[in-house]
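As a plain string of letters, each chain reads:
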Amino acid sequence: MLDRRDVVARLLRDRGEMLVVTGLGAATYDVAAAGDDPRNFYLWGAMGGAALVGLGLALAQPDRPVVVVTGDGEQLMGLGAFATIALQAPANLTVVVLDNGLYGETGGQKSHTSGGTDLAAVARGCGIAQADRIKDEAGVEALAATIATRSAGPRVAVVEVDPAEAPRVLPSRDGAYTRGRFQAALGLAA
Amino acid sequence: MDGDRVTEATAWPDAIFAELRRWQVRQVAYVPDGGHARLIRAVHAEPAMRAIPLTTEEEGIAVLAGAALGGQRGVLLMQSSGVGNCVNMLSLVKTCRFPLLALVTMRGEWGEFNPWQVPMGSTTEAAFRLMDVEVRRADQAGDVGETVSAAARMAFEGGSAVAVLLGQRLVGAKVF
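The structure presented is a predicted model; accordingly, all values stated were derived computationally and were not measured. (Residues numbered from 1 in each chain as written. Chains lettered and ligands numbered in written order. Predicted model: local features only at pLDDT ≥ 70, side-chain atom pairs only at ≥ 80, totals over all residues. Heavy atoms only, no water.)

Colleague: Mind laying out the interface of chain A and chain B, listing which residues take part and the relevant values?
Modeller: Counting from both sides, the interface comprises 27 residues of chain A and, opposite them, 25 residues of chain B. Summed over both partners, the interface of chain A with chain B buries about 2,000 Å², with 65% contributed by carbon and sulfur atoms. For the pair chain A and chain B, the number of links is eleven residue pairs in polar contact (both at pLDDT 80 or more). Only α3 (50-60), α5 (80-88) and α8 (175-185) of chain A provide two or more residues apiece to the side of chain A that touches chain B. Ranked by the residues each element gives to the side of chain A that touches chain B, the list is headed by α3 of chain A, at seven residues. Here the residues of the side of chain A that touches chain B are counted per class, giving 17 nonpolar, nine polar and one charged. (Contact = heavy atoms within 4.5 Å. Buried area = accessible area lost by both parts, 1.4 Å probe. Polar contact = N/O pair within 3.5 Å; in protein donor to acceptor, adjacent residues only side chain to side chain. Helix = DSSP H or I, 4+ residues; strand = E, 2+ residues; numbered from the N terminus. Nonpolar A, V, L, I, M, F, W, Y, C, P; charged D, E, K, R; others polar.)

Colleague: Help me get a handle on a negative patch on the surface, residues and values and all.
Modeller: Residues and elements named next belong to chain A. On the surface, D3, D6, D136 and E137 cluster together to form a negatively charged patch. Relative to the helices and strands, E137 is located in helix α7 (residues 137-146). Residue class for E137 comes out exposed when judged on its relative accessible area of 62%. (Patch = residues over 30% accessible without salt bridge, like charges linked within 9 Å, V, L, I, M, F, W, Y side chains within 5 Å. Areas by Shrake-Rupley, 256 points an atom, 1.4 Å probe, with all protein chains shown as cover. Salt bridge = Lys/Arg side-chain N within 4 Å of Asp/Glu carboxyl O. Lys, Arg positive; Asp, Glu negative; His and termini not counted. Charge placed at Lys NZ, Arg CZ, Asp CG, Glu CD. Buried < 20%, exposed > 50% of the residue type's maximum accessible area, 1.4 Å probe, protein only.)

Colleague: Provide a residue-level description of the sheet that holds strand β5 (residues 134-138) of chain B, including the pertinent values.
Modeller: The strands that make up a sheet pair up through hydrogen bonds in the backbone, lying either parallel or antiparallel. All names here are of chain B. The strand order β2-β1-β3-β4-β6-β5 describes an open sheet built from six strands, whose pairing is parallel. On the outer flanks of this sheet lie β2 (50-53) and β5, each paired with one strand and no other. Averaged over all pairs of adjacent strands, the angle between strand axes in this sheet comes to 20°, irrespective of strand direction. Sheet topology places strand β1 (residues 25-30) next to β2; four bridges connect them, and they run parallel. Opposite Q27, over in β2, you have R50 as the bridge partner. Strand contacts of helix α2 (residues 37-44): β1, β2 and β3 (73-79), with the helix running at about 135° to β1, the strand carrying the most contacts. (Pairing = 2+ DSSP bridges. Axes fitted to C-alpha atoms, helices over the stretch in contact; angles between N-to-C directions.)

Given below as structure tokens:
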């Protein structure tokens, strides 16, 4: 099975102008483990909101690739986000859902994706045509090759990852700080 | 009467639209609402603004945080019944000190025929204050533009989180 840290490190390796938003929990630690960057915006709460923060950012910064890295549990709390994103159809937005089938932060309870919910199918049903499941390294390489480029529309990649918990790598929890440094990295007044 | 069928003399949705243009608001996130119908139609017709229909109100809090992160101004339009949905998502605004401008049409407070609107309508202001969102109010058509402008200045120049409640007496009680 795919290792979540390897997947995230590969997707962010040649990040260029990429802006990254993370969903709370392990996805935040995975992106921090790949290397802190002022152009990372880490969520430690606001569950269900990661993909939508990515949407607002992608609309505001249409010339930069925006990548949301989140987990299946976080995305399950905001399924409507797929419908909202589909209507706006930003060509620079990719939502990567690291699907381990469980809630790692709260004791490893099985998530709905363990019981048959297919988040890629949900995304397609909401109108996001480019929504795929990735199960192997070839799939990760194919995604990595195009993640920093514009596409025909928004993309959702549900990556099936090993449920094993990786060592925690904790980025700043100071949201005002990470917001301000993100805006400064874009040359915006905070 | 609702916001879609007001006379010229009381065209407060047009006053809001003028303020949103003046403040260079680019992202307008909304949950459809009769009181905001006229404004929503104007936003869809305005090339400088992007209308963003939501499936639930808290989505708008997250979208506007992303907009601010990327340097664009936004506004959230909703009905009072949606404010409770936003409470946890407002931790994004509070923790990260994002600006917020929300324009809320009130239900459940003046001539409301539907008792299901009363519980959230009577606690709308309290729900915002729970999460430290400043609350302003307009009940007269002539006050709407100025109130929205004052709130927009607090949000976009001061970085504050501000909601403007548009009273049901102004919006008009829904009739069937």
